[in-house]
Amino acid sequence: WELQFQTLSQTDARREAEDSVWRRASQQRKHRFAGARQALSAAQDDIIANLRRSLEGLEEDQFNVDNTLVRQANDFQKSVDPMYHQLQDLRAELRESPSP
């Protein structure tokens, strides 16, 4: 009995030691994963913030492009208007002039 008891005690002690090692390793993995999750979350927040800044910049660029296009269209209209009126005047003169 004594030998069986001693063998069982050694087996239990070995199991407790193995369980302790596994628990410790499991805790370490949990801490590493928690750290990795925090790092990923922080990286994701940074990416989102950068995308928002880029989008704001693109919206500002689009606004500037729109303003430039409007200004160019207005300038073109101003340069074409006199020619259009000249063309209208020439047409009127041609209608009024006697044909040969």
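All figures in this text were calculated on a predicted structure; none of them were measured in a lab. (Residues numbered from 1 in each chain as written. Predicted model: local features only at pLDDT ≥ 70, side-chain atom pairs only at ≥ 80, totals over all residues. Heavy atoms only, no water.)

Asks: So what's going on with the overall build of the protein chain? Residues and values would help.
Replies: Helix and strand content of the protein chain: 1 helix and 0 strands. Against the globule reference of 13 Å for 100 residues, the protein chain gives a C-alpha radius of gyration of 42 Å, more extended than a compact globule. Projected onto its principal axes, the C-alpha coordinates of the protein chain cover approximately 140 × 25 × 10 Å. Burial analysis of the protein chain (100 residues in total) assigns 0% to the buried set. When the 14 positive and 17 negative side-chain charges of the protein chain are each reduced to one mean point, those points stand 12 Å apart. (Helix = DSSP H or I, 4+ residues; strand = E, 2+ residues; numbered from the N terminus. Rg over C-alpha atoms; globule rule 2.2 N^0.38 Å. Buried < 20%, exposed > 50% of the residue type's maximum accessible area, 1.4 Å probe, protein only. Lys, Arg positive; Asp, Glu negative; His and termini not counted. Charge placed at Lys NZ, Arg CZ, Asp CG, Glu CD.)

Asks: Quick one: what's the story with the environment of Ser 54, residue by residue and with numbers?
Replies: Within the secondary structure, Ser 54 is located in helix α1 (residues 2-96). A relative accessible area of 44% places Ser 54 in the partly exposed class. Once the C-alpha coordinates of Ser 54 and Arg 95 are considered, the two residues, 41 residues apart in sequence, prove to be 59 Å apart.

Asks: Outline a negative patch on the surface, listing residues and values.
Replies: A grouping of Asp 12, Glu 16, Glu 18 and Asp 19 is seen on the molecular surface, where their side chains present a negatively charged patch. If you trace the backbone, Asp 19 turns up in helix α1. (Patch = residues over 30% accessible without salt bridge, like charges linked within 9 Å, V, L, I, M, F, W, Y side chains within 5 Å. Areas by Shrake-Rupley, 256 points an atom, 1.4 Å probe, with all protein chains shown as cover. Salt bridge = Lys/Arg side-chain N within 4 Å of Asp/Glu carboxyl O.)

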